[in-house]
Structures are given as C-alpha cells and as structure tokens.
Amino acid sequence: MHIPDGYLPTAVCAAGYAIAVPVTAFALYKIRKEGDPREKIPKASLLTAAFFVASWIHIPVPPTSVHLILSGLMGSILGYFAFPAILIGLFLQAVMFGHGGLSTLGVNAIVIGLPALVAYHIFRLRTLFGEANRTGTGIFGFLASLCAIGISTGLFVVLLINFIPADMDADDERNAILALALGHVPLMFIEGAFTAFVTMFLLRVRPQMLIGI
Amino acid sequence: MKHSIIVLIFILAILYLPTTAYAHGAKIEYTVATNIEIVAKYDSGEPMAKAQVSIYAPDNPSTPWLTGTCDEEGRFSFTPDTSIPGTWDIQVRQAGHGDMIHITIDEGSVSGSSSSGYSTGQIIIMAVCVIWGILGTALFFKRRKA
C-alpha cells in the first residue's frame with residue numbers, strides 16, 4: 001500500500017504534496033479547536049508506534065501477502081489526530097525501512113490518511129446508539145476500518161493503473177495490481193474485526209479514551 | 001545459346017557456393033562476459049515472482065537498455081555491455097512495489113550494493129529506537145497533563 005519512489009510521475013508526487021499540505025493544516029486546525037492538544041498526544045503517539053510497526057506484520061493471502069495498515073483504527077480512536085500521526089508514521093517508515101518513499105510521502109498520506117478521516121466520521125455514527133453502547137461501538141468500529149482499507153485500496157489501484165511506468169508491460173502490471181487489490185479484501189475484514197475488538201475493549205476498560213471521538 | 005550461358009553460370013554458382021562454405025571450416029570465438037544475476041524479494045522474504053525488471057545503462061538513464069521478467073523465485077540474470085562503464089541501474093517492480101539497485105561496471109570489474117542495506121538486527125534496533133522516542137513523547141505529555 002506504500003507507493004515507493006520511482007513509480008509515479010513527478011507531477012503526481014507534487015500533486016500529492018499539494019493536497020496533503022492543506023489537509024494536514026485542516027487537521028491541525030480542527031485539533032486546536034477541540035481544546036488542549038497535549039491531552040491527546042500520548043494516545044496519538046502510542047497509535048503512531050503501532051502504525052509504524054504494523055507494516056511489518058504480514059498476513060498471508062495466497063498467492064500474495066498483505067500487511068496491516070491500521071488506518072481505520074487510527075481514525076476511529078484519534079479523530080483528526082490520525083492524519084498528522086499517519087504522516088509521521090509514513091515518514092519514519094520511508095526513511096527507516098524504505099516502505100514508501102519521500103517523493104511519494106504526500107501521495108501515500110492521501111491514500112492512507114484521508115480514508116482514516118472517513119473512518120473517524122463513520123465511527124462517530126455509533127453515537128446514534130449512544131456512546132456507551134457496546135454493539136454500536138463494535139459495528140461502527142468494524143465498518144470504519146472496513147471502509148478505510150477499502151477506500152485506500154481503491155485510491156491505490158486507481159493511481160497505479162493510471163500511471164503505470166511507460167517501460168513496464170502494462171497488461172502484466174495491471175494484472176499484478178488487481179491481484180494485490182484482491183488480497184486486500186480479506187484485510188478489510190481482518191482490520192474491521194480488529195478495530196471492533198479494540199474499540200469494544202477500550203469501551204470496557206478505559207471508556208474515557210473514546211469520549212468525544 | 002543465351003539459355004545455355006545462364007544455365008552454365010547457374011551450375012558454376014552452385015558448385016562454387018558450397019566450396020566457399022566448407023573451405024574455412026568451423027570457427028568458434030569467445031569473449032569473457034560478466035553475467036549478473038539478481039534476486040528480488042519482498043521484505044517479508046517471499047520472492048517477487050514474475051516481477052518486471054528494467055535495466056538502465058549509464059549512457060541512457062531515461063530509456064531501459066533491457067527489460068525482462070523475473071522467474072518464480074524472483075531471479076533474473078543478464079550480461080551487461082562492459083564497453084559502457086559506469087553505474088547501471090536495475091529496477092524491479094511489481095504491483096506498486098519495487099526497488100532499484102546500482103551496480104558499477106568498470107572495465108571488467110563489477111561492484112555493487114544490495115538494496116536492503118540493513119540487517120534484521122539493525123532494523124529491530126531502529127524500530128526499538130523509534131518506539132522508545134514515541135513512548136517518551138507519550139509519557140512526557142502525560143506527565144505535563146497531570
């Protein structure tokens with residue numbers, strides 16, 4: 001899900017940054033409006049750590065394997081904090097592990113970070129059942145992550161298929177991209193179930209972590 | 001008359017052609033070529049089966065010198081043109097994943113580096129350092145709040 005350097009044309013990488021910068025600014029503006037941001041930084045830091053190492057957790061989906069992304073979980077628990085947290089996580093993954101790249105940091109932030117904000121808004125719908133409702137929390141936690149991974153995969157496929165490098169065999173590459181996208185369908189359900197589990201667990205042991213989200 | 005001359009030339013030509021072919025016998029030439037084999041794997045350890053390879057010669061970094069496909073084990077081998085010394089770029093890509101390595105070829109000597117410059121131990125230490133920093137940040141702000 002991390003697009004590396006040398007895949008997308010320069011114009012697309014620049015466009016990625018051009019979109020990521022105002023989205024980051026908007027997220028920071030929203031965070032500041034919510035009150036003292038320092039209160040939520042410990043939670044955001046811990047989830048950034050989880051996001052940072054999640055890309056090492058590979059789940060075999062024959063014939064390929066996919067890795068955890070956790071963007072839906074970040075959105076559900078962090079709200080607007082998710083976007084800057086994902087940006088920092090992606091930056092560290094790019095410079096430390098070579099997952100993704102610095103030229104594509106903007107594009108990857110959009111592909112993974114924007115769906116996290118969508119997940120946040122889906123997770124908020126649980127308040128229709130009341131904030132303390134376990135079933136509602138589980139269902140909307142599940143849907144939030146399911147949609148986050150689904151949207152990320154969609155954006156990833158659209159970007160890659162439209163900008164297949166000219167020197168590659170386009171048919172082979174298209175098939176490989178679609179095979180990888182198909183591998184993300186089980187991941188949608190895995191991450192959905194994981195987010196449902198984590199949010200329901202938090203609701204029971206530390207319900208204050210989910211208040212106001 | 002005219003016909004017989006043509007026939008005669010034709011017969012002479014047939015007789016002549018094989019003699020030129022056999023007169024020199026067999027000849028085998030050889031040159032020592034440097035064969036480069038690459039193995040491409042994802043960082044999960046599984047091979048990049050059927051991944052596409054693009055090789056760029058030092059004199060033309062924009063158009064691939066050779067393109068090909070890895071086998072099921074992620075292997076691909078090729079013989080670079082040693083008359084073009086410099087840094088050759090080898091890019092392996094599949095489904096939005098990929099990497100590039102650089103191999104320097106100078107008058108027969110080949111030196112290069114693997115793209116994954118870190119060992120597992122180094123990666124673990126880097127990950128631990130980053131997480132330590134993140135936990136420190138978390139604890140710092142938790143303390144300020146209290």
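Summary of the structure given here. Computed from a prediction, not measured in an experiment: that's the story for all the values here. (Residues numbered from 1 in each chain as written. Chains lettered and ligands numbered in written order. Predicted model: local features only at pLDDT ≥ 70, side-chain atom pairs only at ≥ 80, totals over all residues. Heavy atoms only, no water.)

## Regarding the overall build of chain B
This is how it is decided: For helices the rule is a DSSP run of H or I covering at least 4 residues; for strands it is a run of E covering at least 2, with both sets numbered from the N terminus onward. Here's how the labels work: a residue is buried when its accessible area is under 20% of the maximum for its type, exposed when over 50%, partly exposed in between, all with a 1.4 Å probe on protein chains only. When checking whether two residues touch, look at their non-hydrogen atoms; a contact exists if any pair is within 4.5 Å.
Secondary structure summary: chain B contains two helices and seven strands in total. In chain B, the succession of α and β elements from N to C terminus is α-β-β-β-β-β-β-β-α. By the burial criterion, 26% of the 146 residues in chain B qualify as buried. Counted over contacts in chain B with a minimum sequence separation of 6, partners at least 24 positions apart contribute 46%.

## Looking at the interface of chain A and chain B
Selection criterion: Two parts lose some accessible area (1.4 Å probe) when they are put together, and adding that loss for both gives the buried area. A side-chain nitrogen of Lys or Arg and a carboxyl oxygen of Asp or Glu constitute a salt bridge if their distance falls within 4 Å. Identification of polar contacts relies on pairs of N or O atoms within 3.5 Å, with a donor-acceptor requirement for protein atoms, meaning one able to donate a hydrogen and the other able to accept it, and with residues adjacent in sequence counted only if both atoms are side-chain atoms. Each residue is assigned to one class: nonpolar for Ala, Val, Leu, Ile, Met, Phe, Trp, Tyr, Cys and Pro, charged for Asp, Glu, Lys and Arg, and polar for all the others, Gly among them.
At the interface, 37 residues of chain A touch 29 residues of chain B. Summed over both sides, the interface between chain A and chain B buries roughly 2,700 Å², with carbon and sulfur atoms accounting for 65% of that surface. At the surface where chain A touches chain B, the tally comes to zero salt bridges. Taken together, the connections running from chain A to chain B amount to two residue pairs in polar contact (both at pLDDT 80 or more). Those elements that provide at least two residues to the side of chain A that touches chain B are helix H2 (41–54), strand E2 (64–67), helix H4 (82–97), helix H6 (134–162) and helix H7 (170–205) of chain A. At eight residues, H2 of chain A tops the list of elements feeding residues into the side of chain A that touches chain B. Of the residues belonging to the side of chain A that touches chain B, the class tally is 22 nonpolar, eight polar and seven charged.

## A look at the packing of H4 of chain A against helix H5 (residues 105–124) of chain A
Residues and elements named next belong to chain A. In plain terms, the rule: In this analysis an axis means a line fitted to C-alpha atoms, helices contributing only their contacting stretch, and an angle means the value between N-to-C directions, from 0 to 180 degrees. What makes a crossing left-handed is the near helix being turned counterclockwise from the far one by less than a right angle; a clockwise turn instead makes it right-handed.
Where H4 meets H5, the axes come as close as 9 Å, and the angle between the chain directions of the two elements is 145 degrees. Crossing of H4 against H5: the hand is right-handed. Here H4 contributes Ala-82, Phe-83, Ile-86, Leu-87, Leu-90 and Phe-91 to the contact with H5, which in turn contributes Leu-105, Asn-108, Ala-109, Ile-110, Ile-112, Gly-113, Leu-114, Ala-116 and Leu-117. Residue classes in the contact of H4 with H5 are distributed as 13 nonpolar, two polar and no charged.

## Re the layout of surface pockets
Rule in force here: The definitions used throughout rest on a 1 Å grid laid over the protein atoms alone, on which a cavity is an enclosed set of points accommodating a 1.4 Å probe that cannot get out and a pocket is an open set flanked by protein within 12 Å on both sides along at least five of seven lines; lining residues are those having an atom within 4 Å of a point. Grid points are joined across faces, edges and corners, and a volume is the space filled by probe spheres set on the points.
Computed from the structure, the second largest pocket encloses a volume of approximately 380 Å³. In terms of lining residues, the second largest pocket is bounded by 14 residues, among which Glu-39, Lys-43, Arg-206 and Met-209 of chain A together with Lys-142 of chain B are the most central. Sorting the residues of the lining of the second largest pocket by element identifies H2 of chain A together with helix H2 (120–145) of chain B as the ones contributing at least two each. The greatest single-element share of the lining of the second largest pocket, amounting to five residues, is contributed by H2 of chain B. The residue makeup of the lining of the second largest pocket, split by class, is seven nonpolar, one polar and six charged.

## Section: the packing of H2 of chain A against H4 of chain A
Two quantities define a packed helix pair, namely the angle between the axes and the distance from one axis to the other. Residues and elements named next belong to chain A. How we decide: Orientation is classified from the angle alone, with under 35 degrees giving roughly parallel, over 145 giving roughly antiparallel, 65 to 115 giving roughly perpendicular, and any other angle giving oblique.
Running from N to C, H2 and H4 cross one another at 40 degrees; their axes reach a closest spacing of 9 Å. Classified by the angle between their axes, H2 and H4 sit oblique to one another. When you trace H2 past H4, the crossing you get is right-handed. Contact residues: Ala-44, Thr-48, Phe-51 and Phe-52 in H2; Ala-85, Ile-86, Ile-88, Gly-89, Leu-90, Leu-92, Gln-93, Met-96 and Phe-97 in H4. Classifying every residue of the contact of H2 with H4 by side-chain character gives ten nonpolar, three polar and no charged.

## Side note on the pairing of strand E2 (residues 52–56) of chain B
Residues and elements named next belong to chain B. Condition: Paired strands are those between which DSSP finds at least two bridges.
Of all five residues that make up E2, five are buried, and the element is covered over most of its length. Neither face of E2 is exposed, since Gln-52, Ser-54 and Tyr-56 on one face and Val-53 and Ile-55 on the opposite face are all buried. Bridge analysis of E2 against strand E3 (residues 66–69) gives four bridges, and the strand direction is antiparallel. By the bridge assignment for E3, Gln-52 is matched with Thr-69. Bridge analysis of E2 against strand E5 (residues 86–94) gives five bridges, and the strand direction is antiparallel. What sits directly across from Ser-54, in E5, is Gln-91.

Shape descriptors only; they carry no functional weight alone.
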